[in-house]
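Examination of the molecular architecture
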Amino acid sequence: MGAEAKPEVSPVHRLAPEVKIAATVAITIAVVATPREAVWAFGVHALIVVALAAVARVPAGWLARRSLVEVPFVLLAVLMPFVGVGERVEWLGLRLSVEGLYGGFNLLVKGTLGVLVALLLAATTSTRDIIVGLDRLRCPPVLTQIATFMLRYLDVLADEARRMRTARLARGDDPRFLWQLRGFASGIGALFLRAFERGERVYLAMLSRGYTGSLPQLGGAGAGVAQWAAAATVPLVAAAIAVTATILT
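Just so it is clear, the structure is predicted and the values come from calculations on it, not from any experiment. The residue count restarts for each chain, going from 1 along the sequence in the order it is written. Predicted model: local features are reported for residues with pLDDT of at least 70 only, side-chain atom pairs are reported and counted for 80 or more only, and whole-chain, interface and lining totals are derived from all residues. The basis for every side-chain value is the complete set of non-hydrogen atoms in the structure, without hydrogens or water.

**Observations concerning the overall build of the protein chain**
Looking only at helices and strands, one finds ten helices and two strands in the protein chain. Put simply, DSSP marks the helices as runs of H or I at least four residues long and the strands as runs of E at least two long, and each gets a number from the N terminus on. Listing the helices and strands of the protein chain from first to last along the sequence gives α-α-α-α-α-β-β-α-α-α-α-α. Any two residues whose heavy atoms approach within 4.5 Å at even a single point are treated as in contact. Put simply, of all contacts in the protein chain between residues at least 6 apart along the chain, 77% involve residues at least 24 apart. Note on areas: Shrake-Rupley, 1.4 Å probe, and residue coverage restricted to the protein chains presented here. Carbon and sulfur atoms provide 70% of the accessible area of the protein chain, an area that totals close to 15300 Å².

Here is the structure:
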């Protein structure tokens, strides 16, 4: 159940998952820490993201389609210059708030760069490897266990929901009509109960096989010094840009 954009292997794909997770977090922090007035710095950050996408061989179309998740934030950023307070400037007959312009730009550029960096991680790392990386980074075991079980049984629940929907449609039920929403809600409740009962059976089966509350280590040896050093290059450059922008602003 991977999240990769394509099976093509690149140097980024070959990096250990914990290295990529740490680098993603570090780059995001550097972008967020960059002052909003330093427009040039965000241009450099964008070039870094483009270079990463090229090295990882992630198609621009793949990134563009999945970055649509930030559309609500884009709309909010567009509205901010109109509803902001304080000093205003004239542009094409419109009176725009200076503070709103900065705020909208800040939200738009940082949100977009953050989403793109996260998508690059998803494109080059399978979901299982992300969990392995979190485990190696000493993420609380309960979180990695929940994520592991969720991935294991998400397809099972999806299949169950599809079967229930097919059965409803075969009986003439169509949730598009308002008067049939009660049946749809009942189906959701039944699915929840089935999922709960299935989870209880799985838990009891695991206890009978010696489960003690923790899973075995999901991955083998972690990343070596060479991989950490290679992956640290981009976050260090991003951090240097943020520091320089802070000093010059």
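So much for the structure itself; the text now carries on.
**Some thoughts on the layout of surface pockets**
In this approach a probe as big as a water molecule rolls over the atoms, and the regions it shows empty are the leftover space. Computed over the protein atoms alone on a 1 Å grid, cavities are sets of points where a 1.4 Å probe fits but cannot get out and pockets are open sets with protein on both sides within 12 Å along at least five of seven lines; a residue lines them when it has an atom within 4 Å of a point. Grid points are joined across faces, edges and corners, and a volume is the space filled by probe spheres set on the points. Roughly 380 Å³ of internal volume is contained in the largest pocket. V12, L15, A23, L52 and V234 are, among the 20 residues lining the largest pocket, the residues nearest its centre. Where the lining of the largest pocket is concerned, the elements lending two or more residues are helix 1 (11–14), helix 2 (17–33), helix 3 (39–56), helix 6 (98–124) and helix 10 (225–248). In this structure, the second largest pocket occupies an estimated 320 Å³ of space. Lining the second largest pocket are 14 residues, with F149, Y153, A195, R198 and G199 positioned closest to its centre. Counting residues per element, the ones that place at least two in the lining of the second largest pocket are helix 8 (141–170) and helix 9 (181–208). With eight residues, the top contributor of residues to the lining of the second largest pocket is helix 9. A breakdown of the residues in the lining of the second largest pocket according to their chemical character gives twelve nonpolar, one polar and one charged. Gly is put with the polar residues, along with every residue not named as nonpolar or charged; the nonpolar set is Ala, Val, Leu, Ile, Met, Phe, Trp, Tyr, Cys and Pro, and the charged set is Asp, Glu, Lys and Arg.

**Brief notes about helix 3**
Owing to its 3.6 residues per turn, the α-helix brings residues three or four apart onto one side. Helix length check: helix 3, at 18 residues, gives a terminal C-alpha distance of 26 Å against a target of 26 Å (1.5 Å per residue), a fit within 8%. Turning to helix 3, its buried residues are A41, F42, H45, I48, V49, A53 and A56. Angularly, the buried residues of helix 3 cover 135° about the axis, an arc narrow enough to put them on a single face. What points out from helix 3, more than 90 degrees from its buried face, is the exposed set L47, V50 and A54. Taken together, the buried residues of helix 3 touch helix 1, helix 2, helix 4 (60–66), helix 6 and helix 10. Once helix 3 ends, the next one or two residues include R57, with phi positive near 60°. The span you would expect from a helix comes to 1.5 Å times its residue count less one. Throughout this description, buried means an accessible area under 20% of the type-specific maximum (1.4 Å probe, protein chains only), exposed means over 50%, and partly exposed covers the range between. As used here, the arc belongs to the directions running from the helix axis to the C-beta atoms.

**As for a nonpolar patch on the surface**
Like charges within 9 Å and nonpolar side chains (Val, Leu, Ile, Met, Phe, Trp, Tyr) within 5 Å are joined into patches, using only residues over 30% in relative accessible area that form no salt bridge. In the sections that follow, a salt bridge refers to a side-chain nitrogen of Lys or Arg positioned within 4 Å of a carboxyl oxygen of Asp or Glu. A cluster of nonpolar residues, V78, F82, V83, W91, L92 and L94, forms a patch on the protein surface that exposes about 650 Å² of accessible area. Secondary-structure assignment places V83 in helix 5 (residues 71–83). Residue V83 is classed as exposed on the basis of its relative accessible area of 61%.

**Brief notes about the packing of aromatic side chains**
Centre distance within 6.5 Å is the pairing criterion for rings of Phe, Tyr and Trp, where only the six-membered ring of Trp is used; planes under 30 degrees apart are then read as stacked, over 60 as edge-to-face, and the remainder as tilted. Per the counting criterion, the structure on display carries one aromatic pair. Note on F42 and F105: the rings are 5.7 Å apart at their centroids and 85° apart in plane angle, and the pair reads as edge-to-face. Of this pair, F42 sits in helix 3 while F105 sits in helix 6; the two residues are 63 residues apart in sequence, bridging distant segments of the chain.

**Let's talk about the packing of helix 7 (residues 127–136) against helix 8**
Axis definition: a line fitted to C-alpha atoms, over the contacting stretch in the case of helices. Angles run 0 to 180 degrees between N-to-C directions. Remark: helix 7 packs on helix 8, axes separated minimally by 10 Å, with the N-to-C direction vectors making an angle of 170°. One element, helix 7, and the other, helix 8, form an angle in the roughly antiparallel class. Crossing hand, helix 7 versus helix 8: left-handed. Seen from helix 7, the contacting residues are T127, I131, L134 and D135; seen from helix 8, they are T144, A147, T148 and L151. Roughly parallel refers to an angle under 35 degrees, roughly antiparallel to one over 145, roughly perpendicular to one between 65 and 115, and oblique to any angle outside these ranges. When the near helix sits turned anticlockwise from the far one by under a right angle, the crossing is termed left-handed; a clockwise turn instead gives a right-handed crossing.

**Concerning the pairing of strand 1 (residues 88–91)**
Two strands are said to pair when DSSP picks up at least two bridges between them. By the bridge criterion, four bridges tie strand 1 to strand 2 (residues 94–97) in an arrangement that is antiparallel. Within strand 2, the residue paired with E90 across the bridge is R95. The antiparallel hairpin formed by strand 1 and strand 2 contains two residues in its connecting segment, where L92 sits at a positive phi of about 55°.

**Points about the packing of helix 5 against helix 6**
Following both chains from N to C, one finds helix 5 and helix 6 inclined at 165°, their axes separated by 7 Å at the closest point. Classified by the angle their axes make, helix 5 and helix 6 are roughly antiparallel. Here helix 5 and helix 6 pass one another in a crossing that is left-handed. On helix 6, the residues that touch F73, V74, L76, A77, M80 and P81 of helix 5 are G100, L101, G103, G104, L107 and L108.

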